[in-house]
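# Analysis of the macromolecular model
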Amino acid sequence: MKIRPSLISLLAAVPVLAVADGQAFRFPTQSHANHHGTRWKHGSPLVEKVRRATERYRDIKVAIAEKWVQATPCVSGPNEGAMGVHWVKPERLNDGVLDPEQPEALIYEPVGHNRWRLVGVEFIQFAQVWDAQNAGPPSLDGHLMNLIGAPNRYGLDAFYELHVWGWAANPNGNFADWNTQVTCDKQAGD
């Protein structure tokens, strides 16, 4: 299976405008307040693995230098909340490999003035590739991934996905798709 031409076109057409957020964040497993004032607690082993593996990507310039490419505009929720802007490693999308330290997508929230805040990651496996190599649906550290059927709003073949909100509190939980604490209100350039 290959990435659909529409996604490849999107990846090639999106201009790269980014500056590091530079916002401080402590790593220990304790309660923190995010920029919206919501208190949250780390503690999930998967969240901690994701945070360790993606710490360097808090500076989006590092992600760009390592060939992450913008795959979506800011994705907002159907009712409330958002996901943010997804930056992907295209070669990981069709490899059929799940590794908690190598997500397929980094998720950034635009915070205005061409600045971005890393808020989480998404693990993505195309269903056709995964199902051909495995007897059951994918799970990552005991977390069953969600199946997004086709057709879908992203124009992709059916795929499995799991969001991990490692850098932004989510009142709906660390693994929910939509985050009410993430917004698309400040697009790049605002």
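Placed above this text is the structure.
Quick caveat: nothing in here was measured; it's all calculated off a predicted structure. (Residues numbered from 1 in each chain as written. Predicted model: local features only at pLDDT ≥ 70, side-chain atom pairs only at ≥ 80, totals over all residues. Heavy atoms only, no water.)

## With respect to the state of the cysteines
Across all of its chains, the model carries 1 disulfide by this definition. Note on cysteine connectivity: cysteine 74 is disulfide-linked to cysteine 184, with sulfurs 2.1 Å apart. One quick way to see it: the torsion about the S-S bond of cysteine 74 and cysteine 184 is about -80 degrees, and its sign makes the bridge left-handed. Here cysteine 184 lies in the segment after β11 (159-164) and cysteine 74 lies in the loop between β3 (69-70) and β4 (75-76), a separation of 110 residues in the sequence. On the basis of relative accessible area, cysteine 74 is assigned to the buried category, the value being 13%. Using a relative accessible area of 15% as the deciding quantity, one classes cysteine 184 as buried. (Disulfide = S-S within 2.5 Å. Helix = DSSP H or I, 4+ residues; strand = E, 2+ residues; numbered from the N terminus. Buried < 20%, exposed > 50% of the residue type's maximum accessible area, 1.4 Å probe, protein only.)

## Section: the nonpolar core
With 32 residues, the main nonpolar core has Tyr57, Trp87, Leu106, Tyr108, Phe123 and Val164 as its most contacted residues. Among the elements of the structure, α2 (45-54), α3 (60-65), β5 (82-88), β6 (105-112), β7 (115-126), α4 (127-133) and β11 are those that each provide at least two residues to this core. Judged by nonpolar contacts, the second largest core, of 9 residues, contains Ala71, Leu93, Phe126 and Leu156. (Core = buried A, V, L, I, M, F, W, Y, C linked by side-chain atoms within 4.5 Å.)

## What about the packing of aromatic side chains?
All told, the structure shown has 4 aromatic pairs when counted by the stated rule. Residues tryptophan 87 and tryptophan 116 carry aromatic rings whose centres are separated by 6.0 Å and whose planes lie at 85 degrees to one another, so their mutual orientation is edge-to-face. Here the residue tryptophan 87 occupies a position in strand β5, and tryptophan 116 occupies one in strand β7, the gap between them amounting to 29 residues. As far as burial versus exposure is concerned, tryptophan 87 and tryptophan 116 are alike and both buried. (Phe/Tyr/Trp six-rings, centres within 6.5 Å; stacked < 30°, edge-to-face > 60°.)

Treat this as a map of the structure, not an account of what it does.
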